[in-house]
Amino acid sequence: MYAEGIDISSEYSRSRHNRSVRYKITYQYEVDGNEYSGKLYNRSPPMGLGDQVKIKYDPKSPENCTDILSPSLYNLMVFLSFGAIFITIGFFLSGTWALIHKIRRRGEPEEEEILPPEEYVSPEEMKKTNPKPILAIVFRIAAVSVVLGGMSLATKLFPGIRPIGIDHFVEVVEDAGHTTSDTTKELSQNWKVGSMLEEAVSFNDGNIRMDFVVMDTADSARVLFNGMTLPVSDGETKEYSGMVHELYSIENETLYVAKVRITDTVIYVSARAEYKPEAVGLLEELGYWKG
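Residues numbered from 1 in each chain as written. Predicted model: local features only at pLDDT ≥ 70, side-chain atom pairs only at ≥ 80, totals over all residues. Heavy atoms only, no water.

Draft legend 1. Main features of the pattern of salt bridges. This structure, assessed with the given rule, holds six salt bridges. Where Arg 222 meets Asp 219, a salt bridge forms, and the shortest distance between an N and an O atom there is 3.3 Å. A residue pair is termed a helical-turn pair when its members lie 3 or 4 positions apart in one helix, as Arg 222 and Asp 219 do in helix α7 (residues 218–227) at three residues. Overall, the relative accessible area of 21% leaves Asp 219 in the partly exposed class. (Salt bridge = Lys/Arg side-chain N within 4 Å of Asp/Glu carboxyl O. Helix = DSSP H or I, 4+ residues; strand = E, 2+ residues; numbered from the N terminus. Buried < 20%, exposed > 50% of the residue type's maximum accessible area, 1.4 Å probe, protein only.)

Draft legend 2. Up close: the pairing of strand β12 (residues 255–262). Of all the eight residues making up β12, seven are buried; the element is thus mostly covered by neighbouring parts of the structure. Sheet analysis places strand β11 (residues 245–251) next to β12, joined by seven bridges and oriented antiparallel. When the sheet's bridge partners are listed, Ser 249 is paired in β12 with Ala 258. In this structure, the hairpin formed by β11 and β12 is closed by a connection of three residues. Direction of pairing for β12 relative to strand β13 (residues 265–272): antiparallel, over a ladder of eight bridges. Counted as the bridge partner of Tyr 256 is Ala 271 from β13. (Pairing = 2+ DSSP bridges.)

Draft legend 3. View of the confidence of the model for the protein. Residues with a pLDDT of 70 or more make up 68% of the protein, whose mean pLDDT is 80. Overall, residues 154–159 carries pLDDT values under 50, and its contacts beyond four positions in sequence, including any with other chains, amount to one contact. (pLDDT = per-residue confidence, 0-100. Contact = heavy atoms within 4.5 Å.)

Draft legend 4. Local environment of the sheet that holds β11. The strand order across the open sheet built from seven strands is β7-β8-β9-β13-β12-β11-β10, with neighbouring strands paired in antiparallel fashion. The open sheet has two free edges, formed respectively by β7 (181–182) and β10 (236–241), since each of these has just one partner strand. Bridge analysis of β10 against β11 gives six bridges, and the strand direction is antiparallel. Paired with Glu 236 across the strands is Glu 251, a residue of β11.

Draft legend 5. Layout of helix α8 (residues 276–286). Every buried residue of α8 is listed here: Ala 279, Val 280, Leu 282, Leu 283 and Leu 286. Across the axial projection of α8, the buried residues extend over an arc of 155°, all falling on one side. Exposed residues on α8 whose side chains face more than 90 degrees from its buried face are Pro 277 and Glu 285. On its buried side, α8 packs onto α5 (166–175), β8 (197–204), β9 (208–215), β12 and β13. Positive backbone phi, at 90°, marks Gly 287, one or two positions downstream of α8. (Arc of directions from axis to C-beta.)

What follows is the structure, given as structure tokens:
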């Protein structure tokens, strides 16, 4: 049977050298008039709210379900491989190998242990191989200072790439004469992003519409930005793509639309052509415009 996705949340998967994002999807299904739910873990890319996923459930216990519809040869091979590894490790740790080795060596003459000659290391060589701890501390302090100085300089040189919060967005657009409203639940459903969308606020006065959303991670914001379809397909386009700041806009004779991302925040703008200067002015004041 098919179940419907009702929520999505993202989770970081971290390792020493890599970091990736995976998605947890909650789905819902109905059996004999009763509703049940289940979860899909470690998914990439995410499915949207309302999308269908094929599952199977236990007729005797409908609350028990899974999306694994048939045995997986890959999973079986992984299971056998790890099983062989654990058996091998257990064999050596149990002492069985040492006992077998000892039995095989029984009766053989013991070899005389020959120790390597002692080497004399002069104090001068010791100093060369073991630098003074104070130098290591100085180098560490210098490295930290360089990193912090670089971050401070980047912040001063590129102030526009810092994301803003909900309160700042509301303050700027309301000072410009617009009335905002909380659209968190509405946009999380309409944009099919579920719990990945943490907060949202919007205004729409008939001439300009602007939605500002805060996602749970920068990766979620990037997924939303890349999947966001603009209602204009033909016209003059403007595009900027960076690791932190992304912007794409398109305009024709009647409409101007744009989407902008800075780290974990996204702004969507739609304005009648004659109101484009005002819309761009708001993006500039918010720090999200890229000229």
